[in-house]
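Analysis of the macromolecular model
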Amino acid sequence: MPRSFPCFWLLLACVVVAQLLSWGLAVRAQGMPTVAVASAVSLILALRVGAASLTPIALGSMVWPLLLGMPLLASAALALLTAGQFWLIRTLLPRSALEGNWRVAEGLHFVAVGPVLSAGIVASLGCLFVRLTLDDGLASLWSQWLTWWWSDALGLLVAVSLHIGWGIRRHDRRTRVELATVLCVSVVTAGLIYFPPWPDLGNLQFLLFALMAWAALRPGLFAAGLVGLVAACAAALAVHAQTLPLSEHLGVVTMQAAVMMTGLMLALSHREGVAAAREARLSGQVFQNASEGILITDAQARIVAVNPAFTRITGFDAGEAIGRRSRMFGPRGNDTGREMLQKLAEEGYWQGEMPDRRKGGESYPAWLSISAVRDERGQISNYVGVFSDYTNRKEAEQRLHFLANHDALTRLHNRSAMHEALSQAVARCSADQMQLALLFIDLDRFKAINDTLGHDVGDELLKVIAARLRDSVKSTDVIARLGGDEFTVLLENIFHIDDVTHVAERLLQQLCQPIVIHGQELFVTCSIGISLYPGDGRLPAQLLKNADVAMYRAKELGKNNYQFFSPEMNARAFEHLVLETSLRHALERSELRLHFQPQIDVATNELEGVECLIRWEHPELGLVPPASFIPIAEENGLIVQIGEWVLQESCRTMREWEDAGFMIPRVAINLSARQFLREQLPQQVAAALKAYDIAPQRLELEITESMIMQNPQRAVGVLGELRAMGVKLAIDDFGTGYSSLSNLKHFPLDTLKIDRSFIVGVPEDEDSAAITEAIIAMAKKLRLKVVAEGVETLGQMLYMRRSGCHVVQGYLYAMPLDAEALLRYLSREGYNVTGRVDA
């Protein structure tokens, strides 16, 4: 309220001043103003301010009736009638007019509700109030009513012209010059008409029409309002100066109202025409410059207009296209054409892809939008087609679709596309009661190639493998790369299990062929797991899981083979999962144990040392053999933590033995491949020996040939550091890896252990015996101590002694024992372990 209070008084002041001006211009004989200045001002306030102006208008409108001598009550009633007039105008005007969007329709609407309806009502009721309240009376009722009506109408027309014109006029220099010119010409013309310099000049009011036409069509509505205002004020002054007879006043007002109405309609019509011309010009420019092809047809689909883009896209110029029937309504070979026409008839719009041809016969996809244009009767008169060459976008969509469903490296289906294809194949086989096979393929030794030769070589290898897979199966079979070196092949319409077997054997044969990449020959094999629908599962996920399980079974059986899924594999896989989960907690729950197997010098029958072997006492499964959990630990990386624990626990046990007076000459510990490749291995060994004050000579680390040959240069460095500390080094399981005795001379080794697989057959197996003798002979030449593991019979022990083997271990002497049991065994067998330590 405080912010609106000054505005209220300002509005009231404007209305009061306008009322006083109206009173000043009133015809004294009739009491009626020659021009309703108050009506003009009140209308402008009502249109600009809104409903908030009605109260000041009502209060201010009491000035004129009171000056006329009307009683207070009658003056208040007449003031309310005046305010109601402007409320009625605002209510009946369309919303577009209130928002300032005036056209010819809004102008006609205003004339009807303003000068005609509301002014007529106010003049009728106002004359009645004046006649009833003033006893002396004024002029005749008819003259009074017409003067009131047309004066009010003239004021409303002038006000609305000024109001609209002010809102749309340009504020540039040219406009100001034009308005000044109109104002000067209006003053001169009004002076000639109402203050003629010569008495016989005659009636020149016709000049107002020419002046109004010029003002309305050139400067615009505001100029037209100025012309009306100047003419009305000049006529009022002429009446007061008695240069214009009072009897002619009504005719002048009527004439001026007609002129003002003409000016209003001319200005609005001209404005609307200019806007329409501007829109038509803009539409023409859009039509000519649009990058999309545009064609306009009649109701029979005959082309009536095309734009330059149409010619650029199709090759047909306007002369060749106009008059011909458009192909956008041509036959499609399906229901698309009928659906399009039906949608156009119902909704007036259709869009979609359409195959089209250029002038030279080249086909291309077009994206087409068609709109139906209706005439004033609602009938379709034209069609407007807007189209663009869809080739690039279509190719982009196809590329995106391909990338979304294919592996970027091998161009095979990816995992999501494979799942979709498998789901669809299962649905088809279920409906047709057919079988399908899913082959899960994993490359053997791919990680070693990828890590050794680099990822670029690995990528090229995968491309070759993908090409061989495509060449080995039918084009209708689905091949996918799941990720890494895992692939799947989906075979449908399987009639016999032999069909799947033949495909698996062919894949094994093709994939194991040598591959030359960057001049280097590579060999890879694969392991294949196979699941069948419906026997191995009716759901896609189940088939994939079972094929994966069968693939792991193929790897367990030596790789480079295929295995069909069987329910027992799931049981093994579940057991594998249980063991892996439990193994992660075995260290923290102290479930791992160390056992020790004696190593005996065959020449002196003395204790040479013990080999440290790990065991797992599972709380539910009992004693788990190393063959069951060591591969799991190697696979998930836990072998590193387990290896560190074995190193620390072995040194701790040796310290306990020594503190108890038992001097075990040497403890041999097996190192894992992951543990050997860690750079901090020498530091860890040194830290463990120092922590328990163990002489380095009493520790022997066993490694395998394959561990050394993965990175020979690095292996030499690591072994050299360990050897420099005084730690003994042994090569374990000799004969099962690379078996290159010539390479052994490059490594600082102390001991060579012959794998038990060669010991089992001696002395009966001549081949094993010959290999064993050769190994021992070559090891002696390299000054290596030879240890034979797995000696279980007296004959094997005697043969090894005759062959020159230094040390044996096996069940012939003792199985692996825990620390306490080992000491009891040594004491019982008479081995001297008190105070004897070999350097």
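Right above here is the structure, for reference.
Overview of the structure. Just so it is clear, the structure is predicted and the values come from calculations on it, not from any experiment. (Residues numbered from 1 in each chain as written. Predicted model: local features only at pLDDT ≥ 70, side-chain atom pairs only at ≥ 80, totals over all residues. Heavy atoms only, no water.)

**Here we look at the overall build of the protein**
- Summing up its helical and strand segments, the protein has 33 helices and 23 strands in all.
- With the C-alpha coordinates of the protein rotated into their principal frame, the extents come out at 160 × 70 × 50 Å.
- Within the protein, residue pairs in contact and separated by at least 24 positions form 65% of the contacts whose partners lie at least 6 positions apart.
- A total of about 41,000 Å² of accessible surface is found on the protein, and carbon and sulfur atoms cover 57% of it.
- In the protein, which carries 75 positive and 87 negative side-chain charges, the distance between the mean positions of the two groups comes to 9 Å. (Helix = DSSP H or I, 4+ residues; strand = E, 2+ residues; numbered from the N terminus. Contact = heavy atoms within 4.5 Å. Areas by Shrake-Rupley, 256 points an atom, 1.4 Å probe, with all protein chains shown as cover. Lys, Arg positive; Asp, Glu negative; His and termini not counted. Charge placed at Lys NZ, Arg CZ, Asp CG, Glu CD.)

**As for the side chain of R481**
- Inspection of the secondary structure puts R481 in strand β9 (residues 478-483).
- Judged by relative accessible area, R481 falls into the buried class, the value being 13%.
- Within polar-contact distance, the side chain of R481 engages the backbone oxygen of G484 at 3.0 Å.
- If sequence neighbours within four positions are ignored, R481 has contacts with D407, L409, T410, L412, H413, N414, R415, L462, E486 and F487. (Buried < 20%, exposed > 50% of the residue type's maximum accessible area, 1.4 Å probe, protein only. Polar contact = N/O pair within 3.5 Å; in protein donor to acceptor, adjacent residues only side chain to side chain.)

**Some words on the nonpolar core**
- Ranked by size, the top nonpolar core spans 79 residues in total, and within it L583, F676, V685, L701, I754, M800 and V808 carry the most contacts.
- It is helix α24 (residues 638-659) that contributes the most residues to this core, nine residues altogether.
- Residue contacts for F676: discarding those within four places in its chain leaves L671, L681, I703, M707, R714, A715, V718 and L719.
- A83, A190, V259 and L268 belong to the second-largest nonpolar core, a separate cluster that totals 72 residues. (Core = buried A, V, L, I, M, F, W, Y, C linked by side-chain atoms within 4.5 Å.)

**Observations concerning the packing of aromatic side chains**
- Inspection of the entire model under this criterion finds 10 aromatic pairs.
- Ring centres of W102 and F110 lie 5.9 Å apart, and the angle between their planes is 75°; on these two criteria the pair is classed as edge-to-face.
- On the accessibility criterion, W102 (3% relative accessible area) is buried.
- A ring pair is formed by F310 and F387, whose centres lie 5.8 Å apart and whose planes are at 85°; its orientation type is edge-to-face. Separated by 77 residues along the polypeptide, F310 in helix α13 (residues 308-314) and F387 in strand β7 (residues 380-389) bring together distant segments of the chain.
- The class for F310 is buried, based on a relative accessible area of 8%.
- Three or more aromatic residues joined by ring pairs form one cluster here, namely W145, W149 and W150.
- The cationic tip of R358 hangs over the ring face of Y364; the distance from NZ or CZ to the ring centre is 4.2 Å. (Phe/Tyr/Trp six-rings, centres within 6.5 Å; stacked < 30°, edge-to-face > 60°. Lys NZ or Arg CZ within 6 Å of the ring centre and 35° of its normal.)

**Structural notes on the sheet that holds strand β5 (residues 349-357)**
- Spatial ordering of the open sheet is given by β4-β3-β7-β6-β5, a layout of five strands whose pairing is antiparallel. Sheet topology places β4 (303-306) and β5 at the edges, where each strand pairs with a single neighbour. The average angle at which neighbouring strand axes cross in this sheet is 25°, direction not considered.
- Of the strand pairs in this sheet, strand β3 (residues 293-298) and β7 are connected by six bridges, and their pairing is antiparallel. Counted as the bridge partner of T297 is Y383 from β7. (Pairing = 2+ DSSP bridges. Axes fitted to C-alpha atoms, helices over the stretch in contact; angles between N-to-C directions.)

**Re unusual backbone geometry**
- Here Y533 and P534 are connected by a cis peptide whose omega angle stands at 5°.
- With an omega dihedral of 0°, the bond running from V762 to P763 counts as a cis peptide bond.
- Within the secondary structure, P763 is located in the loop between α30 (756-759) and α31 (766-781).
- For H518, which is not glycine, the phi torsion reads 55° and is therefore positive.
- Classification of H518 by relative accessible area gives exposed; the value is 62%.
- In the Ramachandran plot, R783 falls in the positive-phi region, its phi being about 60° despite a non-glycine side chain.
- Tracing the backbone shows R783 in the loop between α31 and β22 (785-789).

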